[in-house]
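Descriptive structure summary
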Amino acid sequence: MQRTQVAIIGAGPSGLMLGQLLHRHGIDSVVIERQSREYVEARIRAGLLEQGTVDLLHEAGVAARLEREKLVHDGIELAFDGRLHRVDFKALAHETVTIYGQTELQKDLGDARVASGAPIHHGAGEVAIHGFDGGRPRVSWLQDGVRQELECDFIAGCDGFHGVCRASVPSAEIQHHERVYPFGWLGILAEVPPVADELIYANHQRGFALCSMRSRTRSRYYLQCTLADRVEDWSDERFWEELAIRLPAERARGLVTGPSIEKSIAPLRSFVAEPMRFGRLFLVGDAAHIVPPTGAKGLNLAAADVRVLYRALVEFYRGGGETLLDEYSGRALRRVWKATRFSWWFTTLMHRFDDDAFSHKLQLAELDYLAGSRAAATALAENYVGLPFD
Ligand code: APR
Ligand code: PHB
C-alpha cells in the first residue's frame, strides 16, 4: 500500500496549485488525474487573474513566465445603448487585473509538478475515495489496468464539477444550490490583435458579447447564443458579422478578423455545494462551485480555496492542531457566495433573457446609473478585481 500525507484528486489548477504550495512547505502529496497531461493542457478556459491569485502563484514559485508574458489591465469597457463607458479599476478600487491564459498557467503548474519530483498519476481509471469520515482515508484507482491503493491523512477533492469526490458524499450531508441560465457562450480564439486595449463587455438587444484576449496578437471573443445553437451553425464569417453588430460602431470599425483556431459553446451555471469539508475530505475549486464566466471568477475562486486549505494543512503539520482545518469550509464559502452573487449579477445585467422590453429597460437604466455614479462603479470595480482572499 502506497502512503502520502495529502491525496489530491484532479490535476487542474486547483490540484496542482495545492500540490505545489504543500511541496514548498515540505508536505507530501500524490496527484491522481483521470486524463492525460496533454488533454488537461489543451483545455481552453478564461484568462483573467485577480491580484490575490497572482500573489498565490508567486507564493507557489510558479510565476516566472507569468511575470514575463502577462498583460496588466487597469479597467474594462461597458458597451450598451450605442455607448461605451470605461470602468477604471485603478481609480475606483486601487487594483489591476492580469491577463494570462489558464492554458499557460496549467502548463507552468504541470512543469513545476514534474520539476518537484512529487508523484502525479495521469490516466487514472475508476478513481474511488474511501473512509474519509474516519481517520484512515484511502484512494483506489486503476493504472494501466493494475489496481492501485493509496493511504493518506487527507483527501483534497480538486476534481472539478464532474468529479468523483463530491459525488462520494452521502446526499444527506451535502446541500446543492443551483441556477442554470437559459443561454450559452459561443467562444472563438483567433490569431488576431485584440479590438481594444482592454476587455469590452457589451449588452446588446441581440445578446451579450465579450471581447477578451490572450496576448497582443491573440484574441478571445464570445457571443451569447441559444442552448439549441451548435458550433457547426456558426461559420467564422457569421461569428465576426454578429460580433460587429453587437459592438458600438467606434469599436466594430477596429475589429480585425481572421480564421478561428478554436470554437466552442459553453452552458452557463451557478452552483454551490455546502459544506466544503466532510471529515478528512476537502472539496476545492470547481468540485464545490461553478460560476457563469461573466467576470471570470472560476479560477480565482479556486485559488482562494487553495490558499485557505494549504495554510490550514501547513498549520496542522506544524503541530498547530485542526482549528484552521475546521474553519476551511466556512471561510471559503463566505467568499464563494460573494463571487457567486457578483457573477450572477453581472450575468443578469449583461445578457438578453427574453423578449421582455421591461427587463431590457431596467438593464439599460442600471448601466446608465453605473456610468454616472462613482459608488455604483466602485461596487463593480471592487468585485471585478476580486474581494480580499481572506
Ligand atoms: N478522478 C481523477 N481526476 C478527475 C476525476 C476523477 N474521477 N474527475 C475529474 N478529474 C479531473 C479532471 O480531468 C480535471 O483535470 O479533475 C480536474 C479538475 O480540474 P478543473 O475542472 O480545471 O477544476 P479546478 O482545478 O477546480 O479549476 C478551476 O478551472 O474550470 C475552470 O472555471 C474553472 O477556471 C476555473 C478552474
Ligand atoms: C476570457 O478571456 O476567456 C474571459 C475573460 C473575461 C471573462 C470571461 C472570459 O469575463
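One can find the structure itself at the top, above this paragraph.
What counts, and at which threshold
Residues numbered from 1 in each chain as written. Chains lettered and ligands numbered in written order. Predicted model: local features only at pLDDT ≥ 70, side-chain atom pairs only at ≥ 80, totals over all residues. Heavy atoms only, no water. 1 Å grid on protein atoms, 1.4 Å probe; cavity = no way out; pocket = protein on both sides within 12 Å on 5 of 7 lines; lining within 4 Å. Points joined across faces, edges and corners; volume = space filled by probe spheres on them. Helix = DSSP H or I, 4+ residues; strand = E, 2+ residues; numbered from the N terminus. Axes fitted to C-alpha atoms, helices over the stretch in contact; angles between N-to-C directions. Parallel < 35°, antiparallel > 145°, perpendicular 65-115°, else oblique. Left-handed = near helix turned anticlockwise from the far one by under 90°. Contact = heavy atoms within 4.5 Å. Nonpolar A, V, L, I, M, F, W, Y, C, P; charged D, E, K, R; others polar. Salt bridge = Lys/Arg side-chain N within 4 Å of Asp/Glu carboxyl O. Buried < 20%, exposed > 50% of the residue type's maximum accessible area, 1.4 Å probe, protein only. Near = heavy atom within 4 Å. Polar contact = N/O pair within 3.5 Å; in protein donor to acceptor, adjacent residues only side chain to side chain. Areas by Shrake-Rupley, 256 points an atom, 1.4 Å probe, with all protein chains shown as cover. Expected span 1.5 Å × (residues − 1). Bend = angle between axes of the 7 residues up to and from the residue. Domains from an automatic or database assignment. Phe/Tyr/Trp six-rings, centres within 6.5 Å; stacked < 30°, edge-to-face > 60°. Lys NZ or Arg CZ within 6 Å of the ring centre and 35° of its normal.

On to the layout of surface pockets. In this structure, the second largest pocket spans a volume of roughly 310 Å³. Taken together, 17 residues make up the lining of the second largest pocket; nearest its centre are Thr348, His351, Ser359, His360 and Gln363. Secondary structure elements with two or more residues in the lining of the second largest pocket: helix 10 (323–350) and helix 11 (357–372). When residues in the lining of the second largest pocket are grouped by element, the largest group, 6 residues, is from helix 11.

Relative placement of two packed helices is described by the angle separating their axes and the distance separating the axes. Contact geometry for helix 1 (residues 13–24) and helix 6 (residues 102–116): axes closest at 10 Å, N-to-C directions at 40°. The orientation of helix 1 relative to helix 6 falls into the category oblique. You can see that helix 1 and helix 6 cross each other, and the crossing is left-handed. On helix 6, the residues that touch Pro13, Leu16, Met17, Gly19, Gln20 and His23 of helix 1 are Gln102, Gln106, Leu109, Gly110, Ala112, Arg113 and Ser116. Residue classes in the contact of helix 1 with helix 6 are distributed as 5 nonpolar, 7 polar and 1 charged.

The tally for this structure, following the rule as stated, stands at 31 salt bridges. A salt bridge links Arg230 to Asp233; its shortest N-O distance comes to 3.2 Å. A relative accessible area of 48% means that Arg230 is categorised as partly exposed. Taking relative accessible area as the criterion, Asp233 reaches 29% and is therefore assigned partly exposed. Residues participating in the shared-partner salt-bridge network are Arg65, Glu69, Glu104, Lys107 and Asp108.

Taken together, the neighbourhood of ligand 1 is formed by 24 residues, with Ser14, Glu33, Arg43, Gln102 and Asp286 sitting nearest. One of the backbone nitrogen or oxygen atoms of Pro13 is found 3.2 Å away from an oxygen atom of ligand 1. A distance of 2.6 Å separates an oxygen atom of ligand 1 from a polar side-chain atom of Asp286. Coverage of ligand 1 by the protein amounts to 90% of the 710 Å² it exposes when considered alone. Looking at the shell around ligand 1, the elements that each hand over two or more residues are helix 1 and helix 9 (298–320). With 3 residues, the single largest contributor to the shell around ligand 1 is helix 9. By residue class, the composition of the shell around ligand 1 is 9 nonpolar, 9 polar and 6 charged.

This next bit is on helix 10. In this model, helix 10 (28 residues) spans 41 Å end to end at C-alpha, consistent with the 40 Å of a helix rising 1.5 Å per residue. Where helix 10 bends most, the angle comes to about 35°, and this point is Ser329.

On to the site of ligand 2. Around ligand 2 sit 14 residues, and of these Tyr201, Ser212, Arg214, Tyr222 and Gly295 come closest. Tyr201 is positioned such that a nitrogen or oxygen atom in its side chain is 2.6 Å from an oxygen atom of ligand 2. Among the secondary structure elements, those contributing two or more residues to the shell around ligand 2 are strand 15 (199–203), strand 16 (209–213) and strand 17 (219–225). When its residues are assigned to classes, the shell around ligand 2 shows 8 nonpolar, 4 polar and 2 charged. Residues lining the shell around ligand 2 come from more than one domain, with at least three contributed by each of domain 1 (2–73 + 97–178 + 269–347) and domain 2 (181–268 + 352–385).

All told, the structure shown has 20 aromatic pairs when counted by the stated rule. Every member of this aromatic cluster is reached through a ring pair, and the members are Phe89, Trp185, Tyr201, Phe208, Tyr222, Phe342, Trp345, Phe346 and Tyr384. The aromatic ring of Trp234 is capped on one face by Arg238, whose charged end is 3.6 Å from the ring centroid. For the cation-ring pair, Lys297 lies above Tyr384, with the distance from its terminal atom to the ring centre recorded as 5.7 Å.

Function cannot be inferred from these measures alone, as they are strictly geometric.
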